[in-house]
Amino acid sequence: MHLLSVKINEEYRTLPEGLKIELKPITLLVGEQGCGKSSLLKLLQENSEKITLELSDNVTKNGIESFFFDTETMNPRTADVESNYTKPDGTSTGIGPVVAILTRWKSHGEALQEFTVNRIGEAKNCVLLLDEPESALSVRNQYKLAKEINDAVSKGVQLIISTHCIPVIESVEEVYSLEYLRWMTSKEFIKLNKG
């Protein structure tokens, strides 16, 4: 594992100061809209001073290869998109104009499925930060996404994902609720949210 824990150094939007989350190979951040899931991912992606990261012995803060994907602002069908895939040397690569042109005539869901599921399938020995990667995916492709997420762990990938996706949530034993500020079983989370 690359990141062992994250601690909030100062109050940040809905994230309370002193909050410490022990991270797992797959950490699903769940909860109602506005509870801080995307904010926490953004802080991690930026290596913000507002957080303290506890790292495993084999990595340094600047040596973690990470990939941040935000489905709200990154559309694979637009030619100027950059995925913010950051290598340990600090260089970034986007999906590039050729791939963007080829995906322009696909549906939003097809383009996202190809981009997110394939990128997860290709990942090795890195940290993936994914903000609602299920957005615009069909139920079938949400199940494919859940499988790719679980398969990635065997290739040295750590995933920190904000999600509302039931197939992804059901695919793990525990999720971290930023609404309740604790780990809970996926079954407990689903039961709490059935209303």
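Structure: see above.
Residues numbered from 1 in each chain as written. Predicted model: local features only at pLDDT ≥ 70, side-chain atom pairs only at ≥ 80, totals over all residues. Heavy atoms only, no water.

A.B. asks: Could you give an account of the overall build of the chain, with specific residues and numbers?
C.D. replies: Counting its secondary structure elements, the chain contains six helices and 11 strands. Classification of the 195 residues of the chain by burial places 48% in the buried group. Summarising the internal contacts of the chain: among those between residues at least 6 apart in sequence, 62% fall at separations of at least 24. Accessible surface for the chain amounts to roughly 9,800 Å². Of this, 48% is attributable to carbon and sulfur atoms. (Helix = DSSP H or I, 4+ residues; strand = E, 2+ residues; numbered from the N terminus. Buried < 20%, exposed > 50% of the residue type's maximum accessible area, 1.4 Å probe, protein only. Contact = heavy atoms within 4.5 Å. Areas by Shrake-Rupley, 256 points an atom, 1.4 Å probe, with all protein chains shown as cover.)

A.B. asks: So what about the environment of Ile149? Which residues, and what values?
C.D. replies: Examined against the element boundaries, Ile149 turns out to sit in helix H4 (residues 139-152). Exposure remark for Ile149: the relative accessible area of 0% places this residue in the buried category. When the C-alpha positions of Ile149 and Leu128 are compared, they lie 9.7 Å apart, and in sequence the two are 21 residues distant. Leaving out residues up to four positions away in the same chain, Ile149 has contacts with Ile26, Ile120, Leu159, Ile161 and Val168.

A.B. asks: Can you break down the packing of aromatic side chains residue by residue, with the values?
C.D. replies: For the structure on display, the rule yields one aromatic pair. Its end group placed over the ring of Trp183, Lys24 keeps NZ or CZ at 4.3 Å from the ring centre. (Phe/Tyr/Trp six-rings, centres within 6.5 Å; stacked < 30°, edge-to-face > 60°. Lys NZ or Arg CZ within 6 Å of the ring centre and 35° of its normal.)

A.B. asks: Report on the side chain of Ser5, specifying residues and quantitative values.
C.D. replies: Inspection of the secondary structure puts Ser5 in strand E1 (residues 3-8). Judged by its relative accessible area of 2%, Ser5 falls in the buried class. A distance of 2.8 Å separates a polar atom in the side chain of Ser5 from a polar atom in the side chain of Glu54. If we ignore the near neighbours within four places in the chain, the residues touching Ser5 are Lys20, Ile21, Glu22, Leu23, Thr52, Leu53 and Glu54. (Polar contact = N/O pair within 3.5 Å; in protein donor to acceptor, adjacent residues only side chain to side chain.)

A.B. asks: Before we move on, could you go through the environment of Ile166 and cite the residues and values that matter?
C.D. replies: Here Ile166 shows up in helix H5 (residues 166-170). Separated by 32 residues in sequence, Ile166 and Glu134 have C-alpha atoms that sit 9.8 Å apart.

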